[in-house]
Amino acid sequence: MTATNWNALIQVGEEAGLRGEALGDYLLTVSELVEKELPEAKTFDTFGREYIEFLNARILSHPDVTDYLQTDDGKRYKIAIENEGESYRIIKTATAATHPSRRQNVAVIGHSGHGKSSLVGRLLFETGGVPEHVIEQHREKAEEKGKGGFEFAYVMDNLAEERERGVTIDIAHQELSTDTHDFTLIDCPGHRDFVKNMITGVSNADNALLVVAADAGVESQTQEHLFLARTLGVSEILVAVNKMDQVGYRNDRYEVVCEAITDLLAQVQFSRNDVTFVPVSALDGENISTESEQMPWYDGSALLDLLDELPAPKHPVGASLRLPIQDVYTISGIGTVPVGRIEAGVLRKGETVSFQPSGASGEVKVIEMHHEECEEAYPGDNVGFNVRGIGKGDIQRGAVCGPVDDPPTVAETFSARITVHDHPAIITPGYTPIFHVHTAQVACTIESIDQLESPKSGDIVAESPDAIETGDVARVTVRPQEPLVVESVATYPKLGRFAIRDMGQTIASGTIIDVTERL
Ligand SMILES: Nc1nc2c(ncn2[C@@H]2O[C@H](COP(=O)(O)OP(=O)(O)OP(=O)(O)O)[C@@H](O)[C@H]2O)c(=O)[nH]1
Ligand SMILES: [Mg+2]
């Protein structure tokens, strides 16, 4: 199979898509694939599928999942790949309307009052998600409460207390669709009292949008959130420098703020090249969906276009189902409905699943995604579901759902590599702070400090040190004080990363190397 043949395949596919007819089948041998195509190609692990990128199309495939052929211009065809010994036969089965690679969870993070909720509200408004008269109603209500200017934030802040205080307390999810993506924006609280809610939001995110007000610049939760996003495995960070109206849309002020953020990024081993900056005004709607005329000095794209350019999320390939539970609802007519985001594997109707650490299990009766029922759901999907025989007492935030024959691992102990970022004193064995891992928050004891590493080279510089302190990197053994599901970072990245908090601040972070299962 040569590149020319491949082009022909795509062409036929496009025409067939229009007519809704079968593509026909094409045979290519494994050696042809490897020798002719792969040198030009890359493989990616995405959505539990293996992306094989060809010259101008790619096959998204996984044994568990229907395959798709995607051309460079974003057209997708549902295909079946039949494996005939040495050969693959590719058959087009239907035109695929949507595809999970459109889906992207973005956590909106940053210091309190910098305009996260307002920015999400504005994005929804400009993409038609919120009609003008609703914004008007919010404007009136906000003014009545002496909170003029909060009309866009009120789109996100629904709780009475949130509106009264003018701060977000718990995370809120909002759907936003563009031509190429279906985003779930997770508006996180910026206030330092609610960092634990922000962690739940970030642990569900693929990428993050950091909002920094141009007038206030970097503040304490700008730093803490950036650090947590990095620690909890967010791949890319987009920085919106908001409230540009407050600084007269001045380029020099924008640059000062960008420089301050660049310094913070360096502390978490991000370089400025890994991050995109955009100046915006949520209040005036500048640089949100169209490029702003107020800032001719800015030569980049508007925020919405930058969101579309965020990298596709990566998920483990060929792994078993792992679905950390974020909340559990009781819905009349259905019963107990746990909700969460699939981090690995496939959730299927009719299959028996197990929740750990409780061990409760049952058959999946209903899966719902974005208010629609579906047969199966994949990594990256936010789902609500119902399992036969499972009641509210069997599951809570922090539980993890997986297959009965390969259930999530409940740890007796685990070994981890931690970095101490900010602790006022020394840390000795026996120390028991709160560990935040996926959606769980559990007190865990650092039972032993096994090795001290050089932060630069990673070399072991001491065995069994008595204590560690700020700046140290160490291998430690950890014992959860309550049953807790964790996995090694190598097998399930999102279940193997954690932040450690104590005394109202984030003091350390780490990755899990190995888990000793509780029997
Ligand atoms: N001038 C100006 N004010 C803004 C802008 N964006 C937000 N604000 C104001 O900033 C204040 C806080 O906005 P929010 O959107 O609630 O901020 P937040 O980041 O969600 O705050 P938390 O929920 O507490 O973390 C409100 O008074 C907004 O009107 C902007 O672009 N320009
Ligand atoms: Mg808010």
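Residues numbered from 1 in each chain as written. Chains lettered and ligands numbered in written order. Predicted model: local features only at pLDDT ≥ 70, side-chain atom pairs only at ≥ 80, totals over all residues. Heavy atoms only, no water.

Chemist: Just checking my understanding: could you explain the coordination of the magnesium ion (ligand 2) for this structure?
Modeler: Reference values for coordination geometry: four tetrahedral donors around a metal ideally subtend 109.5 degrees, six octahedral donors ideally subtend 90 or 180 degrees. The protein atoms donating to the magnesium ion (ligand 2) are S117 (OG) and T168 (OG1), with metal-donor distances spanning 1.9 to 2.0 Å. With S117 in helix 3 (residues 116-126) and T168 in the loop between helix 6 (160-165) and strand 9 (172-177), this pair connects stretches of sequence that are 51 residues apart. In terms of burial, S117 and T168 fall into one category: buried. (Donors = N, O, S within 2.8 Å, 3.2 Å for Na, K, Ca; no water. Helix = DSSP H or I, 4+ residues; strand = E, 2+ residues; numbered from the N terminus. Buried < 20%, exposed > 50% of the residue type's maximum accessible area, 1.4 Å probe, protein only.)

Chemist: It is not clear to me how the pattern of salt bridges should be interpreted in this structure. Could you clarify?
Modeler: Side chains that differ in sign of charge can pair as their charged atoms come close. Enumeration according to the criterion identifies 21 salt bridges in this entry. Among the salt bridges present, the one from E363 reaches R388, with a minimum N-O distance of 3.7 Å. Of the two residues, E363 sits in strand 18 (residues 361-369) while R388 sits in the loop between strand 21 (382-387) and strand 22 (400-403), which places them 25 residues apart along the sequence. For R388, a relative accessible area of 44% corresponds to the partly exposed category. A salt bridge links R475 to E453; its shortest N-O distance comes to 3.0 Å. Remark: E453 occurs in strand 25 (residues 440-453) and R475 occurs in strand 27 (residues 473-480); sequence separation between them is 22 residues. According to the relative accessible area criterion, R475 is partly exposed, its value standing at 30%. (Salt bridge = Lys/Arg side-chain N within 4 Å of Asp/Glu carboxyl O.)

Chemist: Sorry if this is basic, but what is going on with the UniProt feature "binding site: GTP" (unreviewed entry) in the chain here?
Modeler: Taking the numbering used here, the UniProt-annotated feature "binding site: GTP" (unreviewed entry) corresponds to D187, C188, P189, G190, H191, N242, K243, M244 and D245. Sequence-wise these annotated residues cover 59 residues; spatially they are dispersed, their C-alpha atoms as much as 23.2 Å apart. Relative to the assigned elements, N242 resides in strand 12 (residues 237-242). In this structure, M244 is in contact with A214, Y249, R250, Y254, P279, V280, S281, M295 and W297, ignoring residues within four places of it in sequence. (UniProt positions renumbered as here; feature names shortened; annotations may be inferred. Contact = heavy atoms within 4.5 Å.)

Chemist: Can you help me understand helix 8 (residues 220-231) in this one?
Modeler: Helical geometry: 3.6 residues make up each α-helical turn, so side chains three or four residues apart lie on a common side. Compared with an ideal rise of 1.5 Å per residue, which puts twelve residues at 16 Å, helix 8 spans 17 Å between its outermost C-alpha atoms and is within 8% of the ideal. Most of helix 8 is tucked away, with nine of its twelve residues classed as buried. Those residues of helix 8 not exposed but buried are Q221, T222, E224, H225, L226, F227, L228, A229 and T231. Downstream of helix 8 by a residue or two, G233 has a phi angle that is positive, lying close to 85°. (Expected span 1.5 Å × (residues − 1).)

Chemist: Is there a simple way to think about the sheet that holds strand 12 in this case?
Modeler: Consider a sheet: its strands pair through backbone hydrogen bonds, and that pairing is either parallel or antiparallel. The strand order 9-10-8-11-12-13 describes an open sheet built from six strands, whose pairing is mixed. In the strand order of this sheet, the two ends are held by strand 9 and strand 13 (275-279), each with one partner. Within this sheet the neighbouring strands show an average axis-to-axis angle of 25°, counted without direction. Judged from the six bridges that link them, strand 9 and strand 10 (residues 182-187) form a sheet pairing that is antiparallel. Note on strand 10: the bridge partner recorded for L176 is F183. (Pairing = 2+ DSSP bridges. Axes fitted to C-alpha atoms, helices over the stretch in contact; angles between N-to-C directions.)

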